[in-house]
Structures are given as structure tokens and as C-alpha cells.
Amino acid sequence: MASPHASSSPRPNLAFRQLRGPRSPGEFAAAVRRAAREIGEHVSCDARYIGRVESGEIRCPNYAYERVFRHMFPGREPADMGFAPRETVRGRGARKKGSAPPGLSESPAESRTSSGAAESSTESSEESDVLRRAFMTSGTAAVAATSLGAGPRGTHRRHAGETEAAAVEQAVRHIRLLDDRHGADGLYRRAARPLKAAYELLDAETRRRSVADRLHSGAGELAISVGWLAHDSGRFADARSHYAEALATARVAGDPALETHAFCNMAFLARDAARPREAIRAAQAAQRAGRQLGSARLMSLLTLREAGGWARLGDRPAAEEALVRARTLFGRGATEADPEWMTFFGEAELEGLEAQCWSALGDWRRAADHAERAVALQDPHFARNIALYTAQLAGDLARGGSPDEAASAGEKVLGLLDQVQSARIRTMLSSTARMLRRHASNAAVSGFLARHEAVRPA
């Protein structure tokens with residue numbers, strides 16, 4: 001019979017060690033990172049993490065790692081890989097002195113939060129709420145409060161180091177993961193807290209330039225992520241402010257990668273806000289800043305942002321030229337130089353952005369063809385994007401005179417709204433519903449309209 005204190009001594013994970021095979025921990029960690037990129041996941045795996053798993057220190061991986069391991073070893077459950085059931089892991093007693101605070105470890109299931117239990121039910125709305133609460137009430141904000149001092153002024157020394165820089169970077173990854181799976185609504189207002197904490201860290205004392213650079217880059221990326229939440233929630237003025245903040249941070253830090261990302265999102269926002277000339281100029285500025293980064297995929301995305309501006313302006317020749325250029329750049333393939341934030345940009349997104357261009361140019365049939373391909377190609381992980389492309393498809397079909405097909409696509413979007421919260425998608429679907437009202441005598445259309453009316457926010 002096991003001792004009551006057996007859990008205090010980690011038991012080596014021999015099953016996971018066997019899966020590694022003859023590869024070194026470093027080589028295996030590189031394979032994990034490659035597998036993560038293949039499925040659009042974000043992990044910072046290194047040889048140390050592999051060592052912690054194999055030693056038994058990490059008894060249960062967090063959601064991101066579990067998904068990557070399932071991708072690497074199809075058909076194997078976590079138990080087959082030597083991991084403990086998520087509900088049995090309670091990490092506060094197992095956490096060693098000096099380890100990362102709650103919300104920052106690479107295994108959130110080992111901290112005393114409810115996020116680990118929630119991750120085992122990836123499709124439920126309960127998981128969405130728990131994950132959001134876990135992220136928004138820990139991580140960057142908690143670390144910043146500790147580092148900068150939550151007591152009377154002058155009680156604590158203002159200092160930031162590797163832990164704080166890593167906290168900001170992890171906060172960015174958490175926002176992107178939650179947005180990909182659930183959309184922006186409900187996340188935006190809560191994201192203000194970690195963003196404020198991240199910018200407070202920029203004024204803290206740092207002993208190394210590398211840490212200061214990471215803090216600036218991380219805070220800027222967090223501003224962009226929060227700006228995107230505002231953008232996708234229809235809060236365009238807030239989004240513009242956050243993107244401008246990120247751009248200023250990039251300029252102060254001399255960070256061309258951050259500057260490129262900020263201009264990229266500014267171009268996207270300007271297009272959606274019916275400022276096509278500004279969208280074109282911002283996309284071109286992004287291309288100038290991004291050329292030195294060596295990523296053809298990044299340049300492809302930036303060129304698509306430019307194409308979107310030309311399409312909204314009604315300049316078909318310029319839009320077509322940009323689309324051809326974007327596909328040529330995309331065809332050069334992915335490289336290690338591709339930014340981490342671009343994991344969403346695969347063939348599905350390429351098709352989706354081209355669909356938006358043709359739709360803006362009034363070529364509904366061509367737009368619908370690209371939107372349909374985008375839906376078919378999208379990884380299920382990106383639930384928000386599947387809903388977005390399907391909403392695009394529904395609108396293009398409605399405009400193109402195919403009400404039955406439009407209603408069917410609209411029904412699929414409605415089925416995704418339980419797990420995806422995006423004002424932008426709801427607005428697109430409402431526009432489709434308005435166009436279809438003149439076909440209300442059609443049984444398929446009337447069914448869609450009735451269901452849409454039932455789920456429409458009051």
C-alpha cells in the first residue's frame with residue numbers, strides 16, 4: 001500500500017522516457033516545438049522541460065502540451081504517456097521553493113487553480129469561463145504586484161527580471177490561445193489588468209539589457225493582443241489606441257518585429273473601419289519594417305493586408321496584383337524566421353483573406369469559393385476562425401443569390417456561437433440575416449431566421 005507521503009517524492013516517468021527514444025532531451029524538445037507549430041499551438045519546450053517530465057516533477061501537462069503530445073503520438077492517452085489523471089494533481093505541496101508562482105509554471109495543472117480540471121473538457125463553455133478566470137486573475141498581474149510593491153510607496157524595490165519577462169510573454173500566449181478557441185468578447189475588459197501590469201514593469205529596474213528588451217517586446221505584443229480583442233469586439237477606438245501604444249513601444253525599443261506586427265494590425269483595423277487608404281499605407285509601412293526579418297510568410301500576410309485595402313478602395317487591378325504577390329510569397333514556405341504570433345496564418349487564412357478581397361470587389365461567387373476552401377482547410381483548434389470563414393461564406397452566398405446555401409452556412413455559424421464569442425462574427429451574421437429576409441418563404445431560410453432571432457443578444 002502506498003505511503004500517504006508518496007506523492008512528495010516524484011516518481012520517474014518511464015513511459016515518457018521510452019517515447020523519447022534515442023533522441024537527446026534537446027532534440028526531443030525541438031521535435032515538440034515543431035509539432036506545436038504544425039497544429040498552431042504555443043509552447044516553449046526545452047531540454048529542461050523534458051527533464052522535468054521524465055523525472056516526474058511534472059505529473060500532468062497543461063492543455064497546450066497535452067494537445068501537442070497527442071498530435072505527436074496519435075492514439076495514446078495521457079495515461080499511456082505516464083501522466084497522472086488531471087483531477088488527482090494538486091501542485092502547491094509539490095511545488096519546490098523558488099519555482100514559478102501560480103499561473104506562470106509550464107504546468108498550470110500543478111498549481112492550486114481550477115484551470116487544470118477545466119482543460120480536460122476542451123469543448124465546454126464551463127472550460128472557457130474557468131480558463132478566462134485563471135488567466136485574468138494570475139500571471140502577469142500577480143507577478144507585477146509582487147515585483148513593484150503592493151504596499152505603501154517605497155516599501156518594495158522596483159525590480160524586474162527573467163521571471164517577470166517570462167510572465168508577460170506567457171500572458172500573450174494565453175490571450176492568443178483563448179481568443180483562437182473562444183473569440184474576443186468577454187476577454188477584452190479583463191485583459192486590461194495584465195496589460196497595465198506589463199507596462200508598469202517597463203519602469204522597473206532591470207540588471208540586463210536582454211531582460212529590458214524582452215519586457216518591451218512582451219508589453220508591446222500584449223498591447224497588440226489586447227488591441228485585437230477590442231478590434232474583434234467592435235471597439236475600434238480602443239483597438240486603435242492599443243495598436244498605437246504597441247507601435248510607440250516598438251519605436252522606443254528599436255524593435256522592427258514588434259513595429260511590423262503593430263502596423264500589420266493597424267492596416268487590418270483601418271480596412272474594417274472603412275479607411276482603405278490608411279489600410280494600404282499601414283500595410284506598406286509594415287512591409288518596409290518587415291523586410292529585414294527574413295520571413296516570406298510574414299511578407300505574404302502583409303501583402304494580403306495591402307490587397308484588402310485596395311479591394312475596399314475598389315481598385316481591382318491593384319488588388320489582383322497584390323493577391324498574386326501574396327500567393328507567390330506564401331508559396332516560398334514556412335521558416336524558423338516566421339514570428340510566433342503568425343501561427344494562425346496558414347493556407348486556410350490565405351483563402352479567407354482572399355475571400356474578403358473578392359467580396360469587397362463584388363465578385364460574390366469567387367469570394368464564396370475561397371471562403372468555402374478556408375472552412376475546409378482550417379484546423380479545428382481555431383474555432384473562432386472557422387466561425388469567421390463560415391460567416392463570410394454565408395454572406396457571400398446570400399449576396400450571390402444562393403439563399404438556401406447561405407442559410408445552411410448561417411446555421412453552422414449559429415452552432416458555433418456557444419463556444420465562440422465575437423461581435424464581428426455576430427455582426428456579419430446579422431447582415432446575412434437581413435439580406436435573406438426577402439426569401440423568408442423559403443423553408444431553409446425561415447428556419448435560419450427564426451433561430452438567429454432566438455439567439456440574437458437583446
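Per an unreviewed UniProt entry, the recorded name for the chain is Tetratricopeptide repeat protein, and the organism is Streptomyces hesseae.

Chemist: In this structure, what is going on with the overall build of the chain? I would like to understand it.
Modeler: The helix and strand inventory of the chain stands at 21 helices and 0 strands. Taking the intrachain contacts of the chain between residues at least 6 apart in sequence as the baseline, contacts between residues at least 24 apart amount to 68%.

Chemist: Looking at this model, I keep getting lost on the packing of helix α18 (residues 383–399) against helix α19 (residues 403–416). Mind explaining?
Modeler: In helix packing, the relevant descriptors are the interaxial angle and the interaxial distance, both defined with respect to the helix axes. The N-to-C vectors of α18 and α19 enclose an angle of 155°; their axes lie 8 Å apart at closest approach. For the element pair α18 / α19, the angle class is roughly antiparallel. Where α18 crosses over α19, the handedness of that crossing is left-handed. Contacts between α18 and α19 pair Ile386, Ala387, Thr390, Ala391, Leu393, Ala394, Leu397 and Ala398 from the former with Glu405, Ala406, Ala409, Gly410, Lys412, Val413 and Leu416 from the latter. The residue inventory of the contact of α18 with α19, partitioned by class, reads 11 nonpolar, 2 polar and 2 charged.

Chemist: Looking at this structure, how should I read the pattern of salt bridges?
Modeler: In a structure, side chains of opposite charge can pair up when their charged atoms sit close to one another. The final tally for this structure, using the stated rule, is 21 salt bridges. As a salt-bridge pair, Asp369 and Arg365 come within 3.4 Å of each other at their nearest N and O atoms. Placement of both Asp369 and Arg365 in helix α17 (residues 364–377) is noted, with a separation of 4 residues, approximately one turn of the helix. On the basis of relative accessible area, Asp369 is assigned to the partly exposed category, the value being 31%. A residue is classified by how much of its surface remains accessible, and Arg365, at 42% relative accessible area, is partly exposed. Beyond isolated ion pairs, a larger network of salt bridges with shared partners links Arg327, Glu351, Glu354 and Arg373.

Conventions adopted
Residues numbered from 1 in each chain as written. Predicted model: local features only at pLDDT ≥ 70, side-chain atom pairs only at ≥ 80, totals over all residues. Heavy atoms only, no water. Helix = DSSP H or I, 4+ residues; strand = E, 2+ residues; numbered from the N terminus. Contact = heavy atoms within 4.5 Å. Axes fitted to C-alpha atoms, helices over the stretch in contact; angles between N-to-C directions. Parallel < 35°, antiparallel > 145°, perpendicular 65-115°, else oblique. Left-handed = near helix turned anticlockwise from the far one by under 90°. Nonpolar A, V, L, I, M, F, W, Y, C, P; charged D, E, K, R; others polar. Salt bridge = Lys/Arg side-chain N within 4 Å of Asp/Glu carboxyl O. Buried < 20%, exposed > 50% of the residue type's maximum accessible area, 1.4 Å probe, protein only.

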